[in-house]
Amino acid sequence: MYRVAQIREPLVGGQIQRGWDSLAHPCKDWQTRYPTKRAFGYLCTYSPIELLHAAGFVPVRLVQGSGQVALANAYLPSFSCALARMVTERLLSGELDCLSGLLVAHTCDTMQCVADIWHMADLPFPVVAFSLPTVLSNIGARDYLLAELHRLAAVLESDFGAPVTKDALRTSIALYNEQRRLLAMLYEHRWAFTVEQFWTLALSGMVMPVEEHNVLLRSVLQSVEEKKETDRQGPAVILVGAILDDPTIPIMVHELGGQVVWDDLCTGSRYFDVLVDETQEPFGALADRYLKRVPCPTKHDDANPRAEHVLSLVHRTGAQGVVFVLPKFCEPHAFDYVLLSKALTNVGVPHLWIETDLTAPIGQLRTRIQAFIELLRGS
Amino acid sequence: MVEKRYKKLKTAAELQRLMQWHYTRIRLPRLGRPLAWVTSGAPVEILRAMGVIAVYPENYGALCGARREAVSLCEAAEAQGYSPDLCSYARTSLGSVFQSERAPMGGLPQPDLLIACNNICGTVIKWYEAVAAHYGVPLFILDTPFIHGAFEPHALAYVVAQLEAMIRFVERTTGRRLSMKRLERTVRLANETVQLWSEIRALCKARPSPLNAPDLFVNMAPIVVLRGTEGAVRFYRHLKAEVEMRVKNGIGAIPEEKYRLLWDNIAIWHHLYRFYNYFVDYDACFVVDTYTGGWSQEIPEGQSALMEGIATAYATVFLNQSLEYRSRLMERLIREYDVDGFVMHCNRSCKPYSLGQYAMKRRVTEGTGVPGLIIESDMCDARAFAAEAVKTRIQAFMETLAERK
Amino acid sequence: MTKPYFLGVDIGSLTVKAVLLDAGQRLLTRGVVPAGYGGQEAAEALVARLLRECSLTPDEIAYTVVTGYGRVRFAAADEEVSEISCHARGAFYLCPAVRTVIDIGGQDSKAMRLDAQGRVVDFAMNDKCAAGTGRFLEVMAAALDVPIEQFGALALQSKHPVTISSTCTVFAESEAISHIARGVAKQDVAAGLHQAIASRVLGLAARVGLEAEVMLTGGVALNVGVVAALSRQSNQRITVPPDPQTVGALGAALYAWHKGRR
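**Student:** Please clarify how the overall build of chain B should be interpreted in this entry.
**Tutor:** Looking only at helices and strands, chain B features 17 helices and eight strands. Relative to the globule expectation of 22 Å for 405 residues, the C-alpha radius of gyration of chain B, 21 Å, shows essentially globular dimensions. Counting all 405 residues of chain B, 53% fall into the buried class. Restricting the contact set of chain B to residue pairs at least 6 apart, pairs at least 24 apart contribute 78%.

**Student:** What am I meant to see in the domain arrangement of chain C here?
**Tutor:** It is common to give the size of an interface as the accessible area that goes away when the parts come together. Residues and elements named next belong to chain C. Considered domain by domain, chain C is made up of domain 1 (5-88 + 246-260) and domain 2 (97-240). The C-alpha-based centres of domain 1 and domain 2 are spaced at 27 Å. Contact residues are listed per partner, giving nine residues for domain 1 and 13 residues for domain 2. In terms of residue count, helix α2 (residues 83-94) provides more of the side of domain 1 that touches domain 2 than any other element does, four residues in total. Split into classes, the residues belonging to the side of domain 1 that touches domain 2 amount to four nonpolar, five polar and no charged.

**Student:** When you look at the nonpolar core in this model, what are you seeing that I'm missing?
**Tutor:** In globular proteins that are soluble, nonpolar side chains generally tend to be buried together. Counting 342 residues, the largest nonpolar core has V104(A), A36(B), L261(B), V9(C) and A253(C) as its most contacted members. The biggest single contributor to this core is helix α6 (residues 186-206) of chain C, with 10 residues. If sequence neighbours within four positions are ignored, A36(B) has contacts with L47(B), V52(B), A54(B), V55(B), P111(B), D112(B), L113(B), L114(B) and I115(B).

**Student:** I would appreciate a short explanation of the interface of chain C and chain B in the present structure.
**Tutor:** Counting residues at the interface gives nine residues for chain C and eight residues for chain B. Among the secondary structure elements, those contributing two or more residues to the side of chain C that touches chain B are α5 (169-181) and α6 of chain C. Considering each element in turn, the side of chain C that touches chain B owes the most residues, three residues, to α5(C). In terms of residue class, the side of chain C that touches chain B is built from two nonpolar, six polar and one charged.

**Student:** Explain the sheet that holds strand β5 (residues 236-241) of chain A here, please?
**Tutor:** Where strands meet in a sheet, backbone hydrogen bonds hold them as pairs that are either parallel or antiparallel. Residues and elements named next belong to chain A. Overall, parallel pairing links the four strands, which are arranged β6-β5-β7-β8 in an open sheet. Strands at the two margins of the open sheet, each flanked by one partner only, are β6 (259-264) and β8 (351-356). Neighbour to neighbour, the strand axes of the sheet diverge by 25° on average, direction disregarded. As paired strands, β5 and strand β7 (residues 321-327) are joined by five bridges and run parallel to one another. Looking at the pairing, V237 lines up with G321 of β7. Against the sheet, helix α10 (residues 248-255) engages β5, β6 and β7, with an angle of about 150° to β6. Against the sheet, helix α13 (residues 306-317) engages β5, β6 and β7, with an angle of about 150° to β6.

**Student:** Would you explain the interface of chain A and chain B in this entry?
**Tutor:** The partner chain B presents 41 residues to the 41 residues of chain A that form the contact. The set of elements that each furnish at least two residues to the side of chain A that touches chain B consists of α5 (109-120), α6 (141-160) and α14 (331-346) of chain A. Its residues assigned to classes, the side of chain A that touches chain B shows 23 nonpolar, 11 polar and seven charged.

About the thresholds
Residues numbered from 1 in each chain as written. Chains lettered and ligands numbered in written order. Predicted model: local features only at pLDDT ≥ 70, side-chain atom pairs only at ≥ 80, totals over all residues. Helix = DSSP H or I, 4+ residues; strand = E, 2+ residues; numbered from the N terminus. Rg over C-alpha atoms; globule rule 2.2 N^0.38 Å. Buried ≥ 20, exposed ≤ 12 C-beta atoms within 10 Å, placed from the backbone. Contact = placed C-beta atoms within 7 Å. Domains from an automatic or database assignment. Nonpolar A, V, L, I, M, F, W, Y, C, P; charged D, E, K, R; others polar. Core = buried A, V, L, I, M, F, W, Y, C linked by C-beta atoms within 7 Å. Pairing = 2+ DSSP bridges. Axes fitted to C-alpha atoms, helices over the stretch in contact; angles between N-to-C directions.

Shown next, in the form of structure tokens:
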């Protein structure tokens, strides 16, 4: 049982609903909603959205969504992940034509390929590649990343007529830092919201102007009462994985008697993890945030092993188990899973592996999650 | 019955001895010489110059695939939790580590250090992380940023800085020092090998082509695993002489060459001869391919810019370049080798090589007018090969080519 | 009024099973019927039939637990529990030494590892792919024109099994037919197919770890060829309980007994 916040309906409630619709269809009614703003698509938390914002764009995150893949079958073979296939589908269908540009940060082999595939697909807007380093702890990585950030800024100016000044970048950084702080607070106060409200609030921020999202989060958090530990019931789990763009799984965990208490997800804590240092020169500060963060599976960092991070999350949140939500055909996550699984087994933390794909077979998900919660209760 | 269609090279015996020697010698007592597992795109010249023995798990994967012994190793890796959707070289290699008793030659000798370069793919980083965790040995990763447009100066500077760090890493890990003189010598040998191999491949522009795809794939092994050695140079000199002789005497690799084809992607190791024989049945020869030409970059010699030369050569390999670059490369090869059709192996194990094939196929046919065929399989995992489906597609494609003649 | 009986119902996609226990955990009766469409009606009919056979009325049932694919909509249940927990519970009751349970159903397969108290410590499921399930055997038996009940025995007759390498059911069928067309003896192809399904299932089981004793449940456990192939490939003794399809329902009934006996 969660204590539901006093959300000021209908204004904020309406915003939450619109935010929710937007996640699946970010371009819907864009001209009506934001007639003076240009949208720039991106896919990953290694994208410097502060830079896009400073150049005057609204960064809009493209997620998997749901639907059929038809057009994309002529562009990608079956052994590519659902995110790549669904975004390709939506790009080809014209559903994302409100975008002025699309930024593809270099993460995995699939993203590396789709950046070029989309470039060759003659979309109505340019596809810009951001080749950030893969080995974050290597000598020269920072210098290279800094140069690549400057190159991106130069491309925004030359190809989009959108220059980036250091002052504008500082302002954008401050806004996104504020969003990060607010999201962290939202996470700390998740008990005050229903599972669906919580995820909508968290995820909708990725497709609306950050200024709007900050106002929304501030207003819902104002009226939140302090969380009470005793209200929490049922086995606590953390989610580990990639893109979670709808709350089916956390809702199911809750309905079956468990509770999601934190996560290590691309669309979850990795989005707001670690602030940009506002006292530093802004380009360098942006670079340092990527180097400081715990890496995702597509990055290698000798100084920052991911297993330790996941274990510390379990420890800090008092979670009893971990639920891996991994996309089929995602090599980086699938490799990491084996090492993380061993690390968790070594310290006696049970874990469940769920593989997601284009469609979510609800019955099968339910069986697994229910069995896992029963397992956690038994131990 | 399968092998009789294939015209065996006289140098095949020398190749076999050379590769056997490589696999035997890595198991001999090392006498203090450190041994490194290395990715196919790593700058091995540096290691060789320091006397480090280099061993190639990818080549081992190809060997297991060709011997049809990869499946049980993949199963061993899958039993440890590795998804069957992962690269089959990685699964085969890890399987050979977890269950060496199942592996050909008992697997590869335990490494003292690991060197991975992501110019071929990002999967090698995850694979080598797993190997490093298993053996508890140090890993160095050379990060060569992917080139979507141009090879930027800051990318070059990054790779050069890392090469210098790599040298220090190897020195620290092995206690050996790099001599620039020895490095220059190794680079000279590597360049000579690369040049010989390029010339051999270029001889296939002749009609009929002296070599077919299996020849290209089998004979590229020394350039991958023995690049920078005298043995490799000697071998390729002999191979080149034999291939020149075939050209001079008009001897083709297949009985009758009616169609000249281009191959894209890694070979289907577990059906190497059988698969290409399906094409020989239609008098089609693969005169050129995109994979074996991967080792075609010579490193500019001369000490002052040697590091930059090595960095550029390794950072600009074709798999580290955009799909447009690769499409232009294919178009150029089709023109230069007078190719009638191209076949792309959509290889489940290799996303960088395969995901862009649908887009590339359209671009290349548009640019050259030449038709293409996509065949789905896996380079090493024999479970992903459906013979009937493959034969049907080949038949339909060859009928298309026949109509065009 | 006293209600000393406990009911477990397992609504699968192809069959429905039910088990009735008394207050002393003794088995009164059990049954298996085809699920038909949806399984609800078939389950209700099966329960009604079993009650009639034991001369019981519905209100003499103290507690009902339902499991399986169709559990979410079974109105008469007091509680629903996952098939994983139920299979584990049922298997452990039948054999307290069991540590690994492999269930091969008509459309899915699962592996569960238990601790010494019978609690599930890990599980793995395959419910996406026909290979490794009863469906695979059905398709292959039909392709070879062999009645499914005789398929396993046929496989056992082989002295030279062929290797079927495809992991995909469609391609494996194509491979099998190619072998037949080339004149390979039916039993050798059948044996190869049984090896293939065993290999697939053991791959799933390896994800949780195969620890003795190993019990096989589900309809496919009635196939002697599969049991032999599993045993040979894993080098383990495989226990098959009587009425292996009803182990899940038994586990559900045990849960019912546990919850209801107050």
